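Chain residues, written in single-letter form:
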Amino acid sequence: MCRILLATVLLSVVHLSTQVDWDGLRVTWGLNPFSSYTFASMPRTAEAARNKGWTLETSCSDTNYFKGNRYILNGDTSVMLLFDKNGFIAGIQSGIEDGKEYPPSQQIPPMHHETAKSMYTITAYFVDPATVCSTGRTQAQFNSEGTGTKLLIQNGNTMQEIPRQVAGLSGTQWTKGRCFWTMGQHYWWNIRADMPCEEFFPVFLLYNSGKLNAFGFAFQGDFSSPRYEHPTYSVVPKFLNPVPTCLKDVGVLSTMHIYLDDSPRTNFC
């Protein structure tokens, strides 16, 4: 009996020590638990994506400004998934239609204009972009690493790596915002009350228990897709501190929370 008990304890310890931190990929915060768009789970392999109706839209190529095989579901560019050469998740993009007065030149980059597709796109990676189309990850690496090992925001020809621990934000321009349950503790880039909205960086970070486990995109304007959340100025103080006064003139934002683990409802900051 003692040997059985000891073996059970050891197995539990091994399980805990090998548990993957980023064990999922979900998008879109929402109140409606019955909506298929609320905390929607995204496929993390190309095979699973194809089985769910996602189609390959752009293949890995040295001529692309981004790295990865890009998949889209039903033509909705609000979520575009990037997979490496072996079919494992490598990143995510969100694309908004151009032809509007957004984004301003100060946000290009990180927004990138895809002229041929008439859209502006923002890109985040969960692994080193240099490996995505060259070596990719193995099944063993995916099993041990989960969704990824890092978060990088593509900013033109450079990558802005986001600290996995909140302590790593010290000394940077990431500004602490508000805590919101089922989201996390928000951080925004260089937020000031008197800032012009042209300088509003379209990415926010989310930490829970001091660890990065989510992030999101925030666009100024009402862009169409059920995957976007549309907070009005009246609710913005729940996420930002201070609140840029200029956002009052913007009206509605189009935001998207992106969760890197599989249990966003337990995010209590």
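Residues numbered from 1 in each chain as written. Predicted model: local features only at pLDDT ≥ 70, side-chain atom pairs only at ≥ 80, totals over all residues. Heavy atoms only, no water.

### Topic: the overall build of the chain
Working step 1: Secondary structure summary: the chain contains five helices and 15 strands in total.
Working step 2: Taken against the 2.2 N^0.38 rule, which gives 18 Å for 269 residues, the C-alpha radius of gyration of the chain at 19 Å falls within 12% of a compact globule.
Working step 3: Along the three orthogonal principal directions, the C-alpha set of the chain runs to about 70 × 40 × 40 Å.
Working step 4: Across the 269 residues of the chain, 48% fall into the buried class.
Working step 5: By sequence separation, contacts in the chain at least 24 residues apart represent 60% of the contacts at least 6 residues apart.
Working step 6: Working note: accessible area of the chain is about 12,900 Å², and carbon and sulfur atoms make up 54% of it.
Working step 7: If you average the places of the 21 positive and of the 22 negative side-chain charges in the chain, the two averages end up 8 Å apart. (Helix = DSSP H or I, 4+ residues; strand = E, 2+ residues; numbered from the N terminus. Rg over C-alpha atoms; globule rule 2.2 N^0.38 Å. Buried < 20%, exposed > 50% of the residue type's maximum accessible area, 1.4 Å probe, protein only. Contact = heavy atoms within 4.5 Å. Areas by Shrake-Rupley, 256 points an atom, 1.4 Å probe, with all protein chains shown as cover. Lys, Arg positive; Asp, Glu negative; His and termini not counted. Charge placed at Lys NZ, Arg CZ, Asp CG, Glu CD.)

### Considerations on the state of the cysteines
Working step 1: Following the criterion strictly, the structure yields three disulfides and no others.
Working step 2: Here cysteine 179 is linked by a disulfide to cysteine 269, with a sulfur-sulfur distance of 2.0 Å. Given an S-S torsion of about 95°, the disulfide between cysteine 179 and cysteine 269 has right-handed geometry. Taken together, the positions of cysteine 179 in strand S11 (residues 174-180) and cysteine 269 in the segment after strand S15 (253-259) put the pair 90 residues apart, joining distant regions of the chain.
Working step 3: With a sulfur-sulfur separation of 2.0 Å, cysteine 197 is cross-linked through a disulfide to cysteine 246. Because the sign of the S-S torsion sets the handedness, a value of about 90° for the bond joining cysteine 197 and cysteine 246 places this disulfide among the right-handed ones. Of this pair, cysteine 197 sits in the loop between strand S12 (184-189) and strand S13 (203-208) while cysteine 246 is found in the loop between strand S14 (211-220) and helix H5 (247-250), placing the two residues 49 residues apart along the sequence. The burial state of cysteine 197 is the same as that of cysteine 246; both residues are buried.
Working step 4: Along the chain, the cysteines engaged in disulfide bonds are linked according to the scheme 1-2, 3-6, 4-5 when indexed in sequence order. (Disulfide = S-S within 2.5 Å.)

### Details of the pairing of S15
Working step 1: Among the seven residues that make up S15, seven are buried, leaving the element largely enclosed by the rest of the structure.
Working step 2: Judged by which residues are buried, S15 turns out to be covered on both faces: Leu253, Thr255, His257 and Tyr259 on one side and Ser254, Met256 and Ile258 on the other are all buried.
Working step 3: Bridge count between strand S1 (residues 26-27) and S15: two bridges; the pairing is antiparallel. For valine 27, the partnering residue across the bridge sits in S15 and is isoleucine 258.
Working step 4: Taken together, the seven bridges between S14 and S15 define a ladder with antiparallel strand orientation. Residue pairing in the sheet places phenylalanine 217 in a bridge with methionine 256 of S15. (Pairing = 2+ DSSP bridges.)

### Some thoughts on the packing of aromatic side chains
Working step 1: For the structure on display, the rule yields 19 aromatic pairs.
Working step 2: An angle of 20° between the planes, with centres 6.2 Å apart, marks the rings of phenylalanine 217 and phenylalanine 219 as stacked. Note on accessibility: phenylalanine 217 and phenylalanine 219 belong to one class, buried.
Working step 3: Grouping aromatic residues by their ring pairs yields a cluster made of Tyr102, Phe126, Phe215, Phe217, Phe219, Phe223 and Tyr228.
Working step 4: Between arginine 164 and the ring centre of tryptophan 22, over which it is positioned, the NZ or CZ distance is 3.8 Å. (Phe/Tyr/Trp six-rings, centres within 6.5 Å; stacked < 30°, edge-to-face > 60°. Lys NZ or Arg CZ within 6 Å of the ring centre and 35° of its normal.)

### A few points about the sheet that holds S14
Working step 1: Taking strand neighbours across the sheet as the criterion, the seven strands line up as S2-S1-S15-S14-S13-S12-S11 in an open arrangement whose pairing is antiparallel. Both outer strands of the open sheet, strand S2 (40-41) and S11, are each paired with one neighbouring strand and no more.

### Digging into the environment of glycine 87
Working step 1: Its place among the elements puts glycine 87 in the loop between strand S5 (76-83) and strand S6 (89-97).
Working step 2: Placed 37 residues apart in sequence, glycine 87 and alanine 124 show a C-alpha to C-alpha distance of 17 Å.
Working step 3: For glycine 87, the residues in contact, after removing those within four places along its chain, are Arg44, Thr45 and Ala46.

### Notes on unusual backbone geometry
Working step 1: Between isoleucine 108 and the following residue, proline 109, the backbone shows a cis peptide bond with an omega angle of -5°.
Working step 2: On the secondary structure map, proline 109 appears in the loop between S6 and strand S7 (112-114).
Working step 3: A cis amide bond links proline 109 with the next residue in sequence, proline 110, at an omega value of 15°.
Working step 4: Looking at where proline 110 falls in the secondary structure, it is placed in the loop between S6 and S7.
Working step 5: Even without being a glycine, asparagine 74 presents a positive backbone phi close to 55°.

What is shown is where atoms sit, not what they do.
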